[in-house]
Amino acid sequence: MFNLEWYRIFLHTARCKNLTRAAQELHITQPSVSYAIKQMEEALQLKLFHRLSKGVELTEEGQALLGYVEQSFSMLDSAQKHLQNMKLLNEGEIRIGASDSLIKHLLLPQLNTFHRDYPGIRIRLSHGKTPDITQRLREGEIDCAIIHLPINDSQLNIQTLAVLEDCFVVGEAYAELARRSAANGALSMQQLAELPLLLLSPGSSTREFIEQWFAGKGQVVKPDIELGSIDLLAQFARLGYGAAFISRSFVQEELNNGMLFELLVEDPLPPRSIGLAVRQDRKLSVAAERFVELFMPAGDEGN
């Protein structure tokens, strides 16, 4: 096996055309240069240099080898520069997964900060429901995920980011019902279940949560409209199609300006958490690690 150092010595010797000058550039002794060249020639069973009175000159075989050696060291140099740029966050990529609503309301502010600070990092963002995103994370297709909790998975390290309070909201068509529920007592489960319900499509953790909540109260949920977007649910609620199940913080502005109205229910909805998940057994890239740090409380980066 050839020693990489031999090739480096060969390259400098070929460029300097002198053993002594090559040794000076490499900060080694001239005999060390001579020995390395001799070892290469013996291993190849070819002469690489003509020994001249004032230096050395490449043989035809040495000239042929030089082209490959120059290309190889150029590639190694490029690789080293690329790694250094990755270390300095001038290059690289991060792969993130989240649902559309979490991307808009939770992920985007941090993503904008990261993109502003590290414009050279390529951001690969994919959307999906929490079960799908979690599976992609397990399989190594993404570096981190913003997901609805709880998730019990020993492969994942999950940091809780926020607590969400869910609610049922309606538009002007049901505004009187919302006012009555606030003034004269909350809606019963029976009254709520009889309303046209607007829910996220099956398969999402949010849909599973609300179905389990209704089932725990002895009600079977039968939505009139199933959609894949929180924004569409809010829009259909504003248009008077029924009561949409949505996290309050996602529609707080519409609630404040009177475009949506909250229905109060007798049995309060339990809060849900949002978490940031990464693989337990996988070291994050420098870029992904820096992005994850944006979500960590001050002083927790090393935990």
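Bear in mind the structure is a predicted one, so any value in this text is a computation, not a measurement. (Residues numbered from 1 in each chain as written. Predicted model: local features only at pLDDT ≥ 70, side-chain atom pairs only at ≥ 80, totals over all residues. Heavy atoms only, no water.)

Here's the deal with helix α6 (residues 130-138)
At step 1: Within α6, burial applies to Thr130, Ile133, Thr134 and Leu137. The arc that holds every buried residue of α6, seen down its axis, measures 100°, which confines them to one face. (Buried < 20%, exposed > 50% of the residue type's maximum accessible area, 1.4 Å probe, protein only. Helix = DSSP H or I, 4+ residues; strand = E, 2+ residues; numbered from the N terminus. Arc of directions from axis to C-beta.)

Here we look at the pattern of salt bridges
At step 1: Counted under the stated rule, the structure contains 20 salt bridges.
At step 2: The partner of Arg272 in a salt bridge is Asp166, and the shortest N-O contact between them spans 2.7 Å. One end of the pair, Arg272, is in strand β12 (residues 272-279); the other, Asp166, is in strand β7 (residues 166-170), and 106 residues separate them in sequence.
At step 3: Its relative accessible area of 5% is what places Arg272 among the buried residues.
At step 4: Looking at Asp166, the relative accessible area reads 6%, which means it is buried.
At step 5: Each of Glu41, Lys47 and Arg51 takes part in a single network of salt bridges with overlapping partners. (Salt bridge = Lys/Arg side-chain N within 4 Å of Asp/Glu carboxyl O.)

Structural notes on the environment of Leu26
At step 1: Relative to the elements of secondary structure, Leu26 occurs in helix α2 (residues 19-26).
At step 2: Residue Leu26 is classed as buried on the basis of its relative accessible area, which comes to 7%.
At step 3: Taking C-alpha positions, Leu26 is 7.8 Å from His12, a pair spaced 14 residues apart along the chain.
At step 4: Residues within four places of Leu26 in sequence aside, it is in contact with Arg8, Ile9 and His12. (Contact = heavy atoms within 4.5 Å.)

Comments concerning the nonpolar core
At step 1: Residues Ile94, Leu107, Ile146, Val169, Leu233, Ile246 and Phe291 are the most contacted members of the largest nonpolar core, which totals 40 residues.
At step 2: Ranked by residue count, the leading element in this core is helix α5 (residues 100-117), at 5 residues.
At step 3: Among residues more than four places away in sequence, those in contact with Leu107 are Ile96, Ala98, Leu102, Leu125, Ile146, Phe291 and Phe295.
At step 4: Within the second largest apolar cluster, 22 residues are counted, among which are Met189, Leu192, Leu199 and Ala243. (Core = buried A, V, L, I, M, F, W, Y, C linked by side-chain atoms within 4.5 Å.)

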